[in-house]
Amino acid sequence: ALAACTSDSGTTPAALVDPSGPAVAAVEKQRKGTGRTHQVTLTAAPAVLDLGAGITAKSWAFSGRAPGREIRLAAGDTLAAELSNQLPDRTATSLHWHGIALRNDMDGVPPVTQRTVRAGANFTYRFIADAPGTYFVHPHVGVQLDRGLYAPLIVEDPREPLSYDDEWVVVLDDWVDGVTGTPDEVLAELRQGMGGMDMGGDSGSGGHDMSGMDMGEASASPSGGMSMRFMLMGAESALLGGDAGDVKYPYHLVNGRVPADPDVYRGRPGRRVRLRLINAGGDTAYRVALGGHRMTVTHTDGFPVEHQQVDTVLVGMGERYDVLVALGDGVFPLVALAEGKDATGMALVRTGSGTAPKATVRPKELDGRMLTASELRAADDVRLASRTVDQVHRVELSGGMATYDWTVNGRAFDMDDPAAHPLTVEEGQRVRLDFVNSTQMWHPMHLHGHTYQLAGGGPRKDTAVVLPKKKLSVVFDADNPGRWMLHCHNAYHAEVGMMALVAYR
Ligand code: C2O
Ligand code: CU
């Protein structure tokens, strides 16, 4: 029977599965492990980042680099990742393994699945990563992701069915809020909004204290909302470390580099390369193309799809795409066009001689056949078997820039009482989520701990953009008990309240 689709406000937290309880341990036991452990340390600390072209940014990063060092293991390996929190001013943090269906108590969402990891403290995450794919890791506190705290996470398939010669990871990120449009507008707003904020003293940041601020209050009134917005901008403006007058907002970074001084991939003509595209940006969908090449899309969000040949692929915030290219001979721009923003990020692919294209180059492939998630089909071996849906939840997305009040089902999520209004499911159910976007903005909706499938045999994904004024339905099998976040991956939307809890009863 179809269960009620309203949120169950009568459910007490005690009736919900405990993130570190027996149901979670039982599922972890069933995960096929190799018995091998892959050990890494991620140190979150202030860093002066070299963005290229003489631009440095004071921010936070893992071990001094953004993106942080890639983590790579084989499916079934246990990841033992020690987080060392060296962030300043009592800033708490955590690590979230974006896209991985892992045991709930290692999901890194304070206060839902663990306590925050305090400044000066360490915490070791330990879990089996059993599904191969392209993922990334970032904190799940405030908008720390937007500061540069992220790293690619690749789970290799020991029986990789794809054949290719090389593999390159491509991490996209937007730095500094570009929401309102032109760089000058943003800069003007920043100046206006920065009153009273520390713009780059020795503490290394203004706005670093946001992780502890009262989000409820920020979203309660329009003015609170506005100050929240400036706080977020402040976080990124702190990257400047000094004279705001020189800054050209926003930066679109590929592997942490500006287009004027791009990262270079070296390859050989004729080789087949797998590109793993990861969008770590907080507010930008990127249209990605490699000049002079077509791409074959093979995976999204770690899961295989029926292959399709395209010129360009649209990668939403938090989404990942894997594509194959057969390299030509020369120097080619790998361009990420910020959708709707008239700005680009770039890396170079060099396989032969030739001069590098200009930083502003727009390869014609950007206007060619573009693929979006809804046109993809799940590969046979990962397509969910059809069955009746047991549980439906309507997930209404509302809010706007003027009021700065993004919500799910009319409610700003309360981190102080996260289990107050869960969308409940039961282990074994087939669940459908009906997203309804009544706003004018894109909302990349990310579900933790599961890989849903776009309705009608679409791709398996954990993050999918719900376009303005559109609906999107996804289904998943409730096979990973716990308390899981469902939220918009625009970090600043999520932070003011566009989050919900999917909780097992
Ligand atoms: Cu990548 Cu809940 O986030
Ligand atoms: Cu959003």
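Since the model is a prediction, treat every value here as computed from it, not as a measurement. (Residues numbered from 1 in each chain as written. Chains lettered and ligands numbered in written order. Predicted model: local features only at pLDDT ≥ 70, side-chain atom pairs only at ≥ 80, totals over all residues.)

**Re the overall build of the protein chain**
The helix and strand inventory of the protein chain stands at five helices and 31 strands. Of all 505 residues assigned to the protein chain, the portion counted as buried reaches 52%. For the protein chain, the share of sequence-separated contacts (at least 6 apart) that also reach a separation of at least 24 residues comes to 78%. (Helix = DSSP H or I, 4+ residues; strand = E, 2+ residues; numbered from the N terminus. Buried ≥ 20, exposed ≤ 12 C-beta atoms within 10 Å, placed from the backbone. Contact = placed C-beta atoms within 7 Å.)

**Observations regarding the sheet that holds strand E6 (residues 122-128)**
If you trace the four strands from one edge of the open sheet to the other, you get E2-E1-E4-E6, paired in mixed fashion. The sheet is open, and its two edges are formed by strand E2 (55-62) and E6, each paired on a single side. Sheet twist, expressed as the average angle between the axes of neighbouring strands with direction ignored, equals 25°. With seven bridges joining them, strand E4 (residues 78-85) and E6 adopt antiparallel strand pairing. (Pairing = 2+ DSSP bridges. Axes fitted to C-alpha atoms, helices over the stretch in contact; angles between N-to-C directions.)

**Topic: the UniProt feature "domain: Plastocyanin-like" (unreviewed entry) in the protein chain**
Feature annotation in UniProt places "domain: Plastocyanin-like" (unreviewed entry) on residues 56-159, 252-336 and 397-504, given in this structure's numbering. The span residues 56-159 is 0% helix and 39% strand, and its two end C-alpha atoms sit 42 Å from each other. From the first C-alpha to the last, residues 252-336 spans 8 Å; its make-up is 0% helix and 59% strand. (UniProt positions renumbered as here; feature names shortened; annotations may be inferred.)

**A short note on the nonpolar core**
Judged by nonpolar contacts, the single largest core of 131 residues is most densely connected at Val 170 and Leu 172. The contact partners of Leu 172, leaving out residues within four places of it in the chain, are Val 254, Leu 277, Ile 278, Asn 279, Ala 280, Gly 281, Tyr 286, Val 315, Ala 336 and Gly 345. (Core = buried A, V, L, I, M, F, W, Y, C linked by C-beta atoms within 7 Å.)

**So, unusual backbone geometry**
Each neighbour pair has its own omega, and for Ala 66 with Pro 67 the value is -5°, a cis peptide bond. Among the structural elements, Pro 67 can be located in the loop between E2 and strand E3 (71-74). The amide bond that connects Pro 110 to the next residue, Pro 111, takes the cis arrangement and shows omega of 0°. Within the fold, Pro 111 resides in the loop between strand E5 (96-98) and E6.

**Points about the confidence of the model for the protein chain**
When pLDDT is averaged across the protein chain, the result is 84; 83% of the residues are at 70 or more. Here residues 1-8 is modelled with pLDDT under 50, and outside its nearest four sequence neighbours on either side it reaches twelve contacts, counting other chains as well. With pLDDT under 50 throughout, residues 177-247 is counted as low confidence; its partners more than four residues away or in other chains account for 127 contacts. For this predicted complex, the interface score ipTM comes out at 0.98, alongside a pTM of 0.86. (pLDDT = per-residue confidence, 0-100.)

**Here we look at the sheet that holds strand E17 (residues 320-326)**
Spatially, E10-E9-E12-E17-E14-E15 is the arrangement adopted by the six strands of the open sheet, whose pairing is mixed. Two strands lie at the open edges of the sheet, namely strand E10 (251-254) and strand E15 (303-310), each paired on one side alone. Geometrically, the sheet is characterised by an average inter-axis angle of 20° between neighbouring strands, direction not taken into account. Sheet analysis places strand E9 (residues 166-175) next to strand E12 (residues 272-279), joined by seven bridges and oriented parallel. Across the sheet, residue Leu 172 finds its bridge partner in E12, namely Asn 279.

**Thoughts on the pairing of E17**
In terms of residue burial, E17 counts as a mostly covered element, since five of its seven residues are buried. Relative to E17, E12 runs antiparallel, the two sharing seven bridges. Of the residues in E17, the one forming a bridge with Val 273 is Val 325. Alignment of strand E14 (residues 295-300) against E17, held across four bridges, turns out to be antiparallel. Counterpart to Val 297 in the pairing with E17 is Val 323.

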